[in-house]
Amino acid sequence: MVHRRMCKRAVVEAEELQLKALMISGHANGSAAEPTSTVRAANGTWLNHRGRPNFARIHRNLQFAIGNALNLEAAEPWQILSYNANGYYAPHYDYLDPNTKGVGIREDGNRIATVLLILQIAKKGGTTVFPNLDLNIRPKAGDVIVWINFETSGNSNARTLHAACPIKEGVKIGATLWVRSKKQELSLPCSLSEDHFLTDNFFAS
Ligand SMILES: O=C(O)CCC(=O)C(=O)O
Ligand SMILES: [Fe+2]
């Protein structure tokens, strides 16, 4: 979805940033936010949507491609992750525990969707897996994996459990947009099925 050349330039931009072991917010094994731990072995940083020219371009292009399906302005800043050999991201959900204070659920809503752009793949390992869906995705640089973390009923969707498999060789670099549920009025799903009329839950959660 994103041109290789643009990915390469974004990798250069990412490398100019100070990538360091990051706090994790999201939850694995029920814990909401914890310092660097066994959940993830990667270096990363937050970057504003337009914090670097190529990331700005990519954000615009992704919005163009996704159209009204998701408002990417409502996403948290880019989370750039760089996994070296033995790096991984253990199985986790991206949605936030509503009981966690300080993650802005009341203001911005929960992480309704994840947009994961693969900027660089590892030589060996590092695929993205969805164990509950029996999916093992081997992306190419420039591929974007998009999924919705909630059911239309407003319940979080446990089938979205996912992980980055350990890197065996090389460096994998990804850039994630965790899209919050507020300001998604244009993306409201609507169909003839009854649960599509329960979308108020979407915005309440
Ligand atoms: O790098 C991956 O394959 C997974 C990244 C991820 O789970 C996330 O950014 O939420
Ligand atoms: Fe994730």
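About the thresholds
Residues numbered from 1 in each chain as written. Chains lettered and ligands numbered in written order. Predicted model: local features only at pLDDT ≥ 70, side-chain atom pairs only at ≥ 80, totals over all residues. Heavy atoms only, no water. UniProt positions renumbered as here; feature names shortened; annotations may be inferred. Buried < 20%, exposed > 50% of the residue type's maximum accessible area, 1.4 Å probe, protein only. Helix = DSSP H or I, 4+ residues; strand = E, 2+ residues; numbered from the N terminus. Pairing = 2+ DSSP bridges. Donors = N, O, S within 2.8 Å, 3.2 Å for Na, K, Ca; no water.

- In the annotation of an unreviewed UniProt entry, the chain is listed under the name Fe2OG dioxygenase domain-containing protein and assigned to Caenorhabditis japonica.
- Of the comments in the UniProt record for the chain, the one headed Cofactor (unreviewed entry) reads "L-ascorbate".

Considering the pairing of strand E8 (residues 111–120)
For step 1, the next point in the chain: Most of E8 is tucked away, with 9 of its 10 residues classed as buried.
For step 2, the next point in the chain: Alignment of E8 against strand E15 (residues 172–180), held across 8 bridges, turns out to be antiparallel. By the bridge assignment for E15, valine 115 is matched with leucine 177.
For step 3, the next point in the chain: With 5 bridges connecting them, E8 and strand E12 (residues 144–148) associate as antiparallel partners. Among the inter-strand pairings, valine 115 is bridged to a residue of E12, identified as valine 146.

Notes on the coordination of the iron ion (ligand 2)
Note on metal geometry: ideal angles are 109.5 degrees for four donors arranged tetrahedrally and 90 or 180 degrees for six donors arranged octahedrally.
For step 1, the next point in the chain: Coordination of the iron ion (ligand 2) by the protein is provided by His92 (NE2), Asp94 (OD) and His162 (NE2), with metal-donor distances spanning 2.1 to 2.2 Å.
For step 2, the next point in the chain: Counting residues between consecutive donors of the iron ion (ligand 2) along the chain gives the motif H-x1-D-x67-H. Each member of the pair, histidine 92 together with aspartate 94, is buried.

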